[in-house]
Amino acid sequence: MQDGMADPGLYAFSPYRGRPKIVWPGGKTVAVWVAPNLEYYEIDPPANPQRKSWTRPHPDVVGYSHRDHSNRVSHWRMADAMSRHGFPGSVSLSVALCQHHPEVVEDAAKRGWEFFSHGIYNTRYSYGMDEAQERAVIEDSMATVLAATGQRIRGWLAPALTHTPRTLDLIAEYGLDYTCDLYHDDQVQAVNVKTGRLASIPYSLEVNDHFGFFVYHMSPRAYADTLIRQFERLAREGEASGTVMCIPLHAYLIGQPHRIGPFERALEHIAADGRAWISRAGDIVDAWRAQQ
Amino acid sequence: MSLEPGYLTYPKRRLGYDHDLYRWSALRDRQPVSWPAGKKVAVWICVSLEWFPILPGDTPFRAPGHMVTPYPDYRHYTSREYGTRIGLYRLLDAFAQAGATVSVATNSTIAERYPAVLADIVAAGHEIIAHSTDMNGTVASGLPIDEERALIATALGTLERVSGKRPAGWLSIARSQSWNTVDLLREAGVSFCCDWVNDELPWRFNNGLINLPLNHELSDREIIATQQHSAESYAEQIGDAFDWLAGEAATRGGRMLPIHVTPYIMGLPYRIDAFETLLTTLAGRAETWFAPGGEIVDAWSAQQ
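Quick notes on the rules
- Residues numbered from 1 in each chain as written.
- Chains lettered and ligands numbered in written order.
- Predicted model: local features only at pLDDT ≥ 70, side-chain atom pairs only at ≥ 80, totals over all residues.
- Helix = DSSP H or I, 4+ residues; strand = E, 2+ residues; numbered from the N terminus.
- Rg over C-alpha atoms; globule rule 2.2 N^0.38 Å.
- Buried ≥ 20, exposed ≤ 12 C-beta atoms within 10 Å, placed from the backbone.
- Contact = placed C-beta atoms within 7 Å.
- Expected span 1.5 Å × (residues − 1).
- Arc of directions from axis to C-beta.
- Axes fitted to C-alpha atoms, helices over the stretch in contact; angles between N-to-C directions.
- Parallel < 35°, antiparallel > 145°, perpendicular 65-115°, else oblique.
- Left-handed = near helix turned anticlockwise from the far one by under 90°.
- Nonpolar A, V, L, I, M, F, W, Y, C, P; charged D, E, K, R; others polar.
- pLDDT = per-residue confidence, 0-100.

(A) Representation of the overall build of chain B within the structure. From N to C terminus, chain B includes 10 helices and nine strands. For chain B, whose C-alpha radius of gyration is 20 Å, the value lies close to the compact-globule estimate of 19 Å for 304 residues. For chain B, the C-alpha atoms occupy an extent of roughly 60 × 55 × 45 Å along the three principal directions. Burial analysis of chain B (304 residues in total) assigns 51% to the buried set. Long-range pairs, those at least 24 residues apart, make up 75% of the contacts in chain B with a sequence separation of at least 6.

(B) A look at helix H9 (residues 269-283) of chain B. Residues and elements named next belong to chain B. The first and last C-alpha atoms of H9 sit 22 Å apart over 15 residues, in line with the 21 Å expected at 1.5 Å per residue. Taken together, the buried positions of H9 are Arg271, Phe275, Leu278, Leu279 and Leu282. Taken down its axis, H9 places every buried residue within 95 degrees of arc, on the same side. Of the exposed residues in H9, the ones pointing more than 90 degrees away from its buried face are Pro269 and Tyr270. Residues of H9 that are buried sit in contact with strand E1 (41-49), helix H1 (74-98), helix H7 (231-252), helix H8 (263-266) and strand E9 (288-290).

(C) Expanded view of the packing of H1(B) against H9(B). All names here are of chain B. At a minimum axis distance of 9 Å, the contact between H1 and H9 shows a crossing angle of 20 degrees. By the angle between their directions, the pair H1 and H9 is classed as roughly parallel. For the crossing formed where H1 meets H9, the hand is right-handed. For the pair H1 and H9, the contacting residues are Arg90, Ala94, Gln97 and Ala98 in the first and Ile272, Phe275, Glu276, Leu279, Thr280 and Ala283 in the second. Its residues assigned to classes, the contact of H1 with H9 shows six nonpolar, two polar and two charged.

(D) Summary view of the confidence of the model for chain B. In the predicted model, chain B carries a mean pLDDT of 98, and the fraction of residues at 70 or more is 100%. Scored by ipTM, the complex comes to 0.98, with pTM at 0.98.

Below, the structure written as structure tokens:
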């Protein structure tokens with residue numbers, strides 16, 4: 001980005017109307033990808049000068065143990081619901097989970113899920129890092145995921161959505177080719193970077209389960225209805241040019257017993273509809289890239 | 001600008017947790033648990049019964065539900081008292097009607113001030129869980145260990161004196177603990193706490209204390225007070241949770257549904273009908289085992 005400029009220069013402006021037609025494999029109109037956040041939050045992390053990890057003195061029992069629910073109970077509940085309806089995950093991974101709970105990472109890998117980096121921990125933020133420190137995090141991410149899963153990561157979702165002005169240029173320099181951190185579009189778009197090439201794939205804050213439940217305070221059934229409405233609209237608009245729908249999840253939220261049933265019915269609806277190309281982030285970026 | 005080098009070192013990046021309080025275990029890998037009489041879902045109702053002094057304390061933090069306006073905050077002081085005088089009795093009637101025995105997590109000051117309330121709870125066969133002294137009795141790191149130890153001793157001692165039985169369980173205010181709490185509870189002879197929400201069945205800390213997870217997401221405080229859903233929506237959500245857990249229990253062993261309710265939230269005239277209907281529905285399900293927390297812990301312990 002253009003550091004210090006009012007317009008960070010992240011991408012070219014391109015209005016929705018009149019774009020070249022994107023066609024997804026099999027003539028599907030909307031590429032649907034599910035992004036489970038497989039995370040590790042530290043119980044006693046060091047303080048970042050610009051953001052606190054926990055709102056309470058450590059240990060923040062509810063904050064920490066709520067997230068721990070993912071790695072003991074709800075990951076499998078969420079993953080099974082996805083597998084039953086043919087949805088692979090594209091995982092936003094706190095890469096230290098490979099050390100703490102390799103069982104969770106192995107389960108995701110066995111299901112054929114793709115991994116991208118969500119930082120080392122979701123309690124270590126990028127704010128204030130110098131370039132060498134940020135490079136260390138990227139290199140650690142690449143090496144850790146490769147060692148644990150054999151996969152070369154292609155994508156990035158900044159830890160706790162914390163960035164520096166260098167992040168996008170750096171990940172592109174290391175050969176990563178998509179970012180999930182930009183929310184300006186419902187289609188894949190090119191990002192301006194100094195070297196390499198980077199695509200922005202639509203992730204979503206609006207239909208992220210965290211926003212659904214803790215910002216918009218939706219009931220589980222209202223959230224499931226929201227996903228279906230989001231899908232219906234993007235599937236219809238995708239007839240003109242293929243759209244992308246992401247369902248970003250956290251097992252400790254969506255995998256709670258009162259939420260998983262309605263959520264599974266939403267997956268069932270999308271899978272049965274016929275207009276969805278149910279895919280992974282890297283495959284969506286590849287299909288888009290092939291049409292540029 | 002750069003961050004301190006320590007911000008990029010990870011001394012506890014290792015197999016298992018970044019602490020030594022308890023060990024990792026995935027629910028799906030554990031031996032299935034069975035509940036008495038072949039029931040599939042233990043329904044654990046836990047009522048928080050609380051006394052809020054009109055002079056709120058902020059050390060270490062002000063409890064949720066505490067006073068809000070400048071002194072004297074009549075509206076919150078009396079609304080909380082409404083829960084104890086009126087709401088609790090609506091709940092007790094609902095439990096009797098459904099045939100449910102429950103846990104009541106009780107501030108020890110309630111026992112001192114209103115022994116008749118304690119007597120009514122105990123006479124109905126419900127379990128008393130210790131829930132600090134009053135709603136100024138919050139705990140977090142920074143509270144001197146001697147003060148925390150004394151607070152735990154007072155709560156347990158008072159409840160034992162008034163109810164005739166020393167509570168086996170402990171629920172912290174806002175489920176908030178200090179680094180010392182797990183050891184102090186063990187030292188005080190507590191058998192289980194209910195503060196850690198990371199699981200759906202009981203588990204043991206490394207020091208021997210048991211945690212019985214009281215899901216905060218399924219509480220009336222979260223769904224009704226925070227998320228502002230109706231009691232009817234709350235009942236639908238709990239019903240959905242029950243259905244899901246009953247489905248899992250059919251193939252994976254006993255499950256538990258914690259229902260955490262608050263007299264001044266759920267015990268209101270316009271909400272209680274929905275709650276009664278929920279309990280009646282659950283009572284009619286063949287899978288349901290209504291049980292207080294201590295009985296669930298005992299049934300689980302016997303199978304470990």
